[in-house]
Amino acid sequence: MTDTTPAYTGPERVFSGIQPTGNLHLGNYLGALKKFVDLQEAGHDCIFSVVNMHAITLPVAREALLDQTRQIAAAFLACGIDPDKSIVFAQSAVPAHAELAWVFNCVARMGWVERMTQFKDKAGKDSERASVGLFTYPVLQAADILAYKATHVPVGEDQKQHLELSRDIADRFNREYDAPGFFPLPEPMIKGPGARIMSLKDGTKKMSKSDPSDLSRINLVDTSDEISKKIKKAKTDLEGDMPSEVDGLKGRPEVENLVGIYSALSGESVEAVLRQFGGQGFGVFKPALADVTVAHLAPITARYREILADTASIDHALAKGAEKARAIAAPIMDEVRDIIGFWRG
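This structure is a prediction, so every number in the text was calculated from the model and none was measured.

Enquirer: Mind showing me how you'd approach the environment of V94 here?
Expert: Looking at the secondary structure, you find V94 in the loop between β3 (87–90) and α4 (96–107). Separated by 50 residues in sequence, V94 and D144 have C-alpha atoms that sit 9.8 Å apart.

Enquirer: Sorry if this is basic, but what is going on with the nonpolar core here?
Expert: Within soluble globular proteins, side chains that are nonpolar generally end up buried alongside one another. The biggest cluster of nonpolar side chains holds 59 residues, and the ones touching the most others in it are L26, Y29, L33, F76 and F285. Per element, the largest residue contribution to this core is 11 residues, and it comes from helix α12 (residues 282–308). Look past the residues within four positions of L33 in its chain and what remains in contact with it is I18, L24, N28, A75, F76, C79 and L220. One finds I47, A147, I332 and V336 within the second-largest nonpolar core, a separate group that totals 42 residues.

Enquirer: Hey, could you run me through the packing of α4 against helix α7 (residues 132–146) in this one?
Expert: The geometry of a pair of packed helices is captured by two quantities: the angle between their axes and the separation between those axes. Where α4 contacts α7, the axes come no closer than 8 Å and their chain directions differ by 120 degrees. One way to sum up the angle between α4 and α7 is to call them oblique. Once α4 is placed against α7, the crossing between them reads as right-handed. Contacts between α4 and α7 involve H97, L100, A101, F104 and N105 from the former and T136, V139, L140, A142, A143, D144 and L146 from the latter. Here the residues of the contact of α4 with α7 are counted per class, giving eight nonpolar, three polar and one charged.

What counts and how
Residues numbered from 1 in each chain as written. Predicted model: local features only at pLDDT ≥ 70, side-chain atom pairs only at ≥ 80, totals over all residues. Heavy atoms only, no water. Helix = DSSP H or I, 4+ residues; strand = E, 2+ residues; numbered from the N terminus. Core = buried A, V, L, I, M, F, W, Y, C linked by side-chain atoms within 4.5 Å. Buried < 20%, exposed > 50% of the residue type's maximum accessible area, 1.4 Å probe, protein only. Contact = heavy atoms within 4.5 Å. Axes fitted to C-alpha atoms, helices over the stretch in contact; angles between N-to-C directions. Parallel < 35°, antiparallel > 145°, perpendicular 65-115°, else oblique. Left-handed = near helix turned anticlockwise from the far one by under 90°. Nonpolar A, V, L, I, M, F, W, Y, C, P; charged D, E, K, R; others polar.

Pasting the structure below:
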């Protein structure tokens, strides 16, 4: 049977956010920040948030939260996100996120949220002592996206489940409140090299800010010497030289990861990288990878440090972005209140 429910017909809009916890690393840059800039330059209507409300699902000191919020904002700017082209703001500065999250808490179903694997991963065996916020984290994510009626979300494979929940919530709201097509069903944007960068110490695990080993990741604040040393120590395998063809990467996750990083940073295809280095040892490939990585990241790191030293400019950019974000979200929330039947005075 054909679904005749009216679809959303509003403007296309991109939303994504990064949580302010720990140092940003190469995986964040290639998997998110670089793609954000590409979307901006392609002319998309983009909204990028430092999702600091998500950060308090686990204990965090006040000063650390403020400092890390500014760090993420500085990274956005250093990587090329232009506050005049895109909106950059802190989630907590826009009340619509919290209000819409409550509405969605009443729309979502326990079974939907219980299926979310991230809560199980973070809460572990001590789930009864975890905060309710950690459990409803994905509902707030849905509010983050739909407070702006965002139609597209650049996500990694590990976030697809949360985006599906956002689609389910949007669809149920539209049907439950007889508001067909009010909220869009946001689509994932997963494309291009560097979508999933793995640990330098274990090619089967994603590069992570929470990994206890700093050698597992390349931080955006690392010096050129630190980057070179980490790549030199990066795990490979005992199977010999670099393969010459893509099929030769099968079963070699660490090598595949390093080749993927080279490809993403150089702009060359994986096939081209393997043609260049195939049959050669890692003693040749690793120094070349270090050179490419340093050449790409050094200007970003320099700009990042420069911006971090000017707290006032960061706060100005966030305030400007928050004003723009509120201007989009406020009328949407007025409509939500009218649709539900909330008295607005």
